[in-house]
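So the chains spell out like this:
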Amino acid sequence: MRELASTGDEASLFSVLRWESTGVRLMMVMAVDGSVTDRSGWTSGLGGTADQEIIRTQRAMADAILVGAGSMRTGRYPPHRPSGEYALYRERHGLAQAAPLVVASRTADLDFTAPAFAGARVPTILLTDLEGARRVPMEAEVEVVIADGLSAGMTVLRTRYGLGRVLCEGGPGLASALFAESLVDEVHLTLAPRLEGADLRSLVRGLPAPVDLELRSVHEAGGNLLLRYIVRR
């Protein structure tokens, strides 16, 4: 056992969260007691302002932001609209003005008038199968990618759209499906300094087998611990 002592030095989030290679990065937040949402059922109340800054930085560095259909159906998911230092980072590093949202949904049972589709700076991409594609309204502002499974969909994102650094923000069903197909390369977990005391739910569920992780770094911001893991193959 060894103590992870702090040097007290400030580190830029852009440096801490830098991508070492392309792939899929899963970002999650959890309270100390294991709660994965606040008492209203949202993750946004757990990590506070420090976690929100982590999220904005993660999004600014990504080529694409991958979310599940359940997250989209809440109606609270915005399109990516970076500003200030986050927009400047993307400009300096040759990234698109905004990272496109990529929504994984077999049924395509979504509100295509929501801001995540109609108000996006770059077209939102829908990963679905052939039956799902048939349910998309003709007038919907969305790029439809027909793929047989997530692995095929990730390949299309990389080869057709050049989206190599994919940030997955969940939810649990999508995260579990990505693990099941061995598509997750990194796990970034924010451990929030909070005892929520709500009903506990797992960050992922229904894994076909355990997934071993290797801890790469630990950082602190606003009382939150940012734990960075690499998925062992």
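Residues numbered from 1 in each chain as written. Predicted model: local features only at pLDDT ≥ 70, side-chain atom pairs only at ≥ 80, totals over all residues. Heavy atoms only, no water.

(A) Summary view of the packing of aromatic side chains. Enumeration according to the criterion identifies three aromatic pairs in this entry. With a centroid separation of 4.6 Å and an interplanar angle of 10 degrees, the aromatic rings of F14 and Y89 are classed as stacked. Residue F14 is found in helix α1 (residues 13-16), and its partner Y89 is found in helix α4 (residues 84-92); the two are separated by 75 residues along the sequence. For Y89, a relative accessible area of 16% corresponds to the buried category. Taken together, a centroid distance of 4.9 Å and an interplanar angle of 55 degrees make the contact between F112 and F117 tilted. Of the two residues examined, F112 and F117, each falls in the buried class. Pairwise contacts between aromatic rings join F14, Y86 and Y89 into one cluster. When the ring centre of W19 is taken as origin, the NZ or CZ atom of R25, which lies over that ring, is 4.1 Å away. (Phe/Tyr/Trp six-rings, centres within 6.5 Å; stacked < 30°, edge-to-face > 60°. Helix = DSSP H or I, 4+ residues; strand = E, 2+ residues; numbered from the N terminus. Buried < 20%, exposed > 50% of the residue type's maximum accessible area, 1.4 Å probe, protein only. Lys NZ or Arg CZ within 6 Å of the ring centre and 35° of its normal.)

(B) Region of the structure containing α4. Within α4, the full set of buried residues consists of Y86, Y89 and R90. Angular distribution of buried residues about the axis of α4 spans 95 degrees; they occupy a single face of the element. For α4, the exposed residues set more than 90 degrees away from the buried face come down to G84, E91 and R92. The elements touched by buried residues of α4 are α1 and α2 (48-61). Positive backbone phi, at 70 degrees, marks G94, one or two positions downstream of α4. (Arc of directions from axis to C-beta. Contact = heavy atoms within 4.5 Å.)

(C) Geometry of the nonpolar core. Ranked by size, the top nonpolar core spans 32 residues in total, and within it L66 and L178 carry the most contacts. The residues touching L178, leaving out its near neighbours within four places in the chain, are V24, L66, L150, C168, L183 and V184. The next biggest cluster of nonpolar side chains, apart from the first, holds 17 residues, and it includes Y77, F112, A116 and L126. (Core = buried A, V, L, I, M, F, W, Y, C linked by side-chain atoms within 4.5 Å.)

(D) Seen up close, empty space enclosed by the protein. Following the criterion strictly, the structure yields two cavities of 30 Å³ or more and no others. Its boundaries defined by the atoms lining it, the largest cavity holds a volume of some 50 Å³. Lining the largest cavity we find P79, H80, A98, A99, P100, L101, A120, R121, V122 and T124. Residues belonging to the lining of the largest cavity are distributed by class as follows: seven nonpolar, two polar and one charged. For the second largest cavity, the calculated volume is near 30 Å³. Surrounding the second largest cavity, R59, I65, Y77, P78, P79, H80 and L101 form its lining. Partitioned by chemical class, the residues of the lining of the second largest cavity number five nonpolar, one polar and one charged. (1 Å grid on protein atoms, 1.4 Å probe; cavity = no way out; pocket = protein on both sides within 12 Å on 5 of 7 lines; lining within 4 Å. Points joined across faces, edges and corners; volume = space filled by probe spheres on them. Nonpolar A, V, L, I, M, F, W, Y, C, P; charged D, E, K, R; others polar.)

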